[in-house]
There are 2 protein chains.
Amino acid sequence: MSNDDSHTLNIAYLGPEASFSHQAAIEVFSPSTNTLHPLPSFSAIFSAIQISTHDFAVIPIENSTNGSVVQVLDLLSQCGLDSSAQFPDIEVVAEYYLPVHHCLFVAQNSDSSSKEIRTIYTHPQVWGQCNRYLSAHFPPNQVERIDVGSTSAAAQLVSRETNGSNAAIASKLAGQRHNLVRLAENIEDEPGSNTTRFFVVRNRNSKHARTTGLEQYLSSRTGQSQRYKSLITFTIPHTKPGALADALAVFKQYHFNLTSIDTRPSRKRNWQYVFFVECEEADNGGTRGIHGEEGNLQRLLADLQRFTESLQHLGRFQDQLQREDGIQSKT
Amino acid sequence: MSNDDSHTLNIAYLGPEASFSHQAAIEVFSPSTNTLHPLPSFSAIFSAIQISTHDFAVIPIENSTNGSVVQVLDLLSQCGLDSSAQFPDIEVVAEYYLPVHHCLFVAQNSDSSSKEIRTIYTHPQVWGQCNRYLSAHFPPNQVERIDVGSTSAAAQLVSRETNGSNAAIASKLAGQRHNLVRLAENIEDEPGSNTTRFFVVRNRNSKHARTTGLEQYLSSRTGQSQRYKSLITFTIPHTKPGALADALAVFKQYHFNLTSIDTRPSRKRNWQYVFFVECEEADNGGTRGIHGEEGNLQRLLADLQRFTESLQHLGRFQDQLQREDGIQSKT
């Protein structure tokens, strides 16, 4: 499906259509000039980028209320130029922040009363995002909560029901698409502040220049920060006490500010972890082009290697966090 | 329900009966001398300990394959001697490692063939723990996966079905309790190495001495490490670059080895995080009693406060990790 000779790019996102991932993909890659493809799972998306059937993918990494998307972290731990990596050629080339609003929908043919609702369908991560609204209006002992693969699938499921006792929590986009009746909107715990952060990934061996296809998105952001962040994953030897503190001290030494740290089981050895660190370059100086990897970054990575068992640099991308909106960095 | 004058303790665990939490509670607190109570949710358990209707609770914190139990982390971030904390008096007094084995069960009256299975029920975290077996035998496009509140609830649900197309993934204990037929056992990805770590928590104002009720469990572990770990939670000011590296350097300075680090959204400000750090004292010297909090720990906490916005010491407990079994520490 790769279109190296035309400007039509194939973009993968987690389906079904009208998911939040779809919305993010639409906002980064205009559907008028690109083809957007819903794929059935995160692992299908990573495979599609690794074997280059698709040019880019837009994948959620973290929600401001609910935390990290651990399935994506586990797949990212399989990326990087390591002989044993499942997806050695995947790299992160951009990030994108999508504000998330949830609505409660029922089918057109139902009596549109929330009193009758006995079952609510949505993606499992949404329960935690709408905890206050659900506890007040649909406590678990009165209303059954059923997990489905996506908020869009929940909307589709309810649109097919003739039973007025079913409801879905989904986006406006999904509700519109499936002709549902909206009973409530912005039911998330912190309306206006619930945001999902996405990564844009691609195959680093692509014939395209690294950000071809992303120019429109990136040029629309030029008013913002021109700072760059890197995503680095590593494991540390279990025999060295203090190795994590030593590794993190290297970032400080090179004036890289840690903006995020996450851990997941390595799945190679019990209670050994993969660390996911994002760090912001202190000063991009004259090297504002996304092509110009800082020599400073290379020196940091070389130094870091002294304290790590495995080490992967998974990408360098513009920081899109709008701190003037009250969104804050981690450190 | 608190029994300050007798030796019968009331122990809370996440129900229903025959859950892995039940099994862990049985192994820490003998049911012959204590009363074990299934509670409906983690938040109900934290409330029960805070208001002292129960003496102890046994709660899962982390699985070696699947990572942290984020709902428990979020509740722990509400603990500590902070005026705004929801559960200011809860402290961690012990940890416990339970090896986890999953089995596939069908009802007695079904034809006991895995060919007929169309739907599998289990706790959402179990899908990730049995990924290889499920992908090979029950791919998602052929068999529907339905989340239920616990593996024990899955077993109960299947025991009531007359339809032979339903199966449950649950523990041997749950299968026995609900008279199910076992089709497969040890279906977890890494048989023998899948382990769940539990915390034992209690109210720090309890009239009981801090570990009364735990003596039997702790005395059974005396052959093991006498090292102590502490659980510390903190947030860091967003205005100070490098604050996380500075905070972690304090642990190193006091020779405390970081054994675990986790983050969750603070839910107070977007992209601000609560850090959960566990650290092992370098040398317990003469202070092996669990009552004798190291002066060293107090000095570490005082120093740490220079780099943190909020800081809570949530407990000090014996390290139960059996490194001789190939289980390794994080750093």
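Nothing here was measured: the structure is a model prediction, and the numbers come from that model.

Visitor: Explain the nonpolar core here, please?
Guide: General note: in soluble globular proteins, nonpolar side chains tend to be found buried as a group. Core analysis: the biggest nonpolar cluster contains 52 residues, and F234 and F251 of chain A together with F234 and F251 of chain B have the highest contact counts within it. Those residues within four positions of F234 of chain B in sequence are excluded, and the remaining contacts are L244, A247, L248, F251, Y273, V274, F275, V277, T308, S310 and L311 of chain B.

Visitor: Is there a simple way to explain the interface of chain B and chain A in this structure?
Guide: Interface size is commonly expressed as the accessible area that is lost once the parts come together. Listed by partner, the interface residues are 48 residues for chain B and 48 residues for chain A. Taken over both partners, the interface formed by chain B and chain A buries close to 4,100 Å², and the fraction arising from carbon and sulfur atoms is 55%. Linking chain B with chain A are four salt bridges, by the criterion used here. Linking chain B with chain A are 14 residue pairs in polar contact (both at pLDDT 80 or more), by the criterion used here. Within the residue set of the side of chain B that touches chain A, elements represented by two or more residues are β3 (56–63), β4 (67–68), β11 (195–203), α9 (243–253), β13 (257–265) and β14 (273–280) of chain B. Looking at which element gives the most residues to the side of chain B that touches chain A, the answer is β13 of chain B, with eight residues.

Visitor: How should the packing of aromatic side chains be read in this particular structure?
Guide: Two aromatic rings, taken as a pair, are described by how far apart their centres are and by the angle between their planes. All names here are of chain A. Applying the stated rule across the entire model yields 14 aromatic pairs over all chains. Plain terms: the ring middles of F46 and F87 are 5.5 Å apart, the flat faces sit at 55° to each other, and that makes the pair tilted. Linking F46 in helix α2 (residues 42–50) with F87 in the loop between α3 (70–76) and β5 (90–99), this pair joins segments that are 41 residues apart in sequence. For the pair formed by F46 and F87, the shared burial category is buried.

Visitor: Sorry if this is basic, but what is going on with the environment of L73 of chain A here?
Guide: Residue and element names in this part refer to chain A. Looking at the element boundaries, L73 is found in helix α3. In this structure L73 comes out as buried when scored by relative accessible area, which is 4%. Setting aside residues no more than four positions away along its own chain, L73 makes contact with I61, S68, D262, R264 and F276.

Visitor: Help me understand the relation of the copies chain B and chain A in this model?
Guide: Between the two copies of the chain lies a relationship made up of a rotation around an axis and a movement along it. Aligned on chain A, chain B shows an RMSD of 0.0 Å; the corresponding rotation is 180° and the shift along the axis is 0.0 Å. Taken together, the turn and the small shift mark the pair as related by a two-fold rotation axis.

Visitor: Looking at this model, I keep getting lost on the packing of helix α9 (residues 243–253) of chain A against α9 of chain B. Mind explaining?
Guide: In a packed pair of helices, the relevant descriptors are the angle between the two axes and the axis-to-axis distance. The geometry of α9 of chain A relative to α9 of chain B is characterised by a closest axis approach of 9 Å and an angle of 145° between their N-to-C directions. α9 of chain A and α9 of chain B meet at a crossing whose hand is left-handed. From α9 of chain A, A245, D246, L248 and K252 of chain A reach across to α9 of chain B, where they touch A245, D246, L248 and K252 of chain B. Grouping the constituent residues of the contact of α9 of chain A with α9 of chain B by class yields four nonpolar, no polar and four charged.

Conventions used here
- Residues numbered from 1 in each chain as written.
- Chains lettered and ligands numbered in written order.
- Predicted model: local features only at pLDDT ≥ 70, side-chain atom pairs only at ≥ 80, totals over all residues.
- Heavy atoms only, no water.
- Core = buried A, V, L, I, M, F, W, Y, C linked by side-chain atoms within 4.5 Å.
- Buried < 20%, exposed > 50% of the residue type's maximum accessible area, 1.4 Å probe, protein only.
- Contact = heavy atoms within 4.5 Å.
- Buried area = accessible area lost by both parts, 1.4 Å probe.
- Salt bridge = Lys/Arg side-chain N within 4 Å of Asp/Glu carboxyl O.
- Polar contact = N/O pair within 3.5 Å; in protein donor to acceptor, adjacent residues only side chain to side chain.
- Helix = DSSP H or I, 4+ residues; strand = E, 2+ residues; numbered from the N terminus.
- Phe/Tyr/Trp six-rings, centres within 6.5 Å; stacked < 30°, edge-to-face > 60°.
- Least-squares fit on C-alpha atoms with pLDDT ≥ 70 in both.
- Axes fitted to C-alpha atoms, helices over the stretch in contact; angles between N-to-C directions.
- Left-handed = near helix turned anticlockwise from the far one by under 90°.
- Nonpolar A, V, L, I, M, F, W, Y, C, P; charged D, E, K, R; others polar.

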